[in-house]
Amino acid sequence: QVQLAESGGGLVEAGDSLELSCEASGRPSSVGAMAWFRQAPGKRREVVASITNDGTTNYADSVKGRFTVSRDNAKNTAYLQMNSLKPEDTAVYYCTLALEGEAYNFWGQGTQVTVSS
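Here's a quick rundown of the structure. (Residues numbered from 1 in each chain as written. Predicted model: local features only at pLDDT ≥ 70, side-chain atom pairs only at ≥ 80, totals over all residues. Heavy atoms only, no water.)

### Looking at the side chain of E6
Working step 1: Along the chain, E6 falls in strand β1 (residues 3–7).
Working step 2: Here the side chain of E6 touches C95 through a polar contact of 2.7 Å, landing on its backbone nitrogen.
Working step 3: Not counting chain neighbours up to four residues away, the residues in contact with E6 comprise S21, C22, W36, Y93, Y94, C95, G108, Q109, G110 and T111. (Helix = DSSP H or I, 4+ residues; strand = E, 2+ residues; numbered from the N terminus. Polar contact = N/O pair within 3.5 Å; in protein donor to acceptor, adjacent residues only side chain to side chain. Contact = heavy atoms within 4.5 Å.)

Now the structure itself:
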């Protein structure tokens, strides 16, 4: 069974940076895309960034130019570098993983990111 563990969240001020990490355990085979979603209070969960196993990335318009997603395939770990954070980035951030040819079926427990103004 694949398990994901996020880390790196916290409370920061506007303009600060944070890096989130997501490690997949359980010896996942054929890991495909990994992605970061977030959910703010009272809002729907939304995709923030994704990265395929060959390094192709996509970003939500709201974070383009500020966030960078990366991964270390040898460690089954994905990262989300978040710069120039804004109060509207405040949310619980979730990591998700898809095995090749499948949907995002594995999710982490989430990590809170709070940005004060």
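### A closer look at the layout of surface pockets
Working step 1: The volume enclosed by the largest pocket comes to roughly 160 Å³.
Working step 2: Around the largest pocket sit R38, A40, K43, R44, E46, S62, R66, K86, E88, D89, T90 and A91, which together line it. (1 Å grid on protein atoms, 1.4 Å probe; cavity = no way out; pocket = protein on both sides within 12 Å on 5 of 7 lines; lining within 4 Å. Points joined across faces, edges and corners; volume = space filled by probe spheres on them.)

### A word on the pairing of strand β5 (residues 46–51)
Working step 1: Of the pairings in the sheet, the one linking strand β4 (residues 31–39) to β5 comprises 5 bridges and is antiparallel in character. In the sheet register, F37 faces β5, and the bridge partner there is V47.
Working step 2: Linking two consecutive strands that pair antiparallel, namely β4 and β5, is a turn of 6 residues; a positive phi of about 80 degrees is found at G42 within it.
Working step 3: Sheet topology note: the β5/strand β6 (residues 57–59) ladder contains 3 bridges and is antiparallel. Residue pairing across strands places A49 opposite Y59, the latter belonging to β6.
Working step 4: Hairpin connection from β5 to β6: 5 residues lie between these consecutive antiparallel strands, with G55 at a positive phi of about 95 degrees. (Pairing = 2+ DSSP bridges.)

### Some points on the packing of aromatic side chains
Working step 1: A complete count under the given rule lists 2 aromatic pairs for this structure.
Working step 2: Their ring planes at 75 degrees and their centres at 6.2 Å tell us that F37 and Y104 sit as a pair that is edge-to-face. Of the two residues, F37 is situated in strand β4 and Y104 in strand β10 (residues 104–107); the sequence distance between them amounts to 67 residues.
Working step 3: On the basis of relative accessible area, F37 is assigned to the buried category, the value being 15%.
Working step 4: Assessed through its relative accessible area of 27%, Y104 is described here as partly exposed.
Working step 5: Between the aromatic rings of F37 and W107, the centroid separation amounts to 5.0 Å while the plane-to-plane angle is 65 degrees, which identifies the pairing as edge-to-face. Of the two residues, F37 is situated in strand β4 and W107 in strand β10; the sequence distance between them amounts to 70 residues.
Working step 6: Taken together through their ring pairs, the aromatic side chains of F37, Y104 and W107 make up a single cluster. (Phe/Tyr/Trp six-rings, centres within 6.5 Å; stacked < 30°, edge-to-face > 60°. Buried < 20%, exposed > 50% of the residue type's maximum accessible area, 1.4 Å probe, protein only.)

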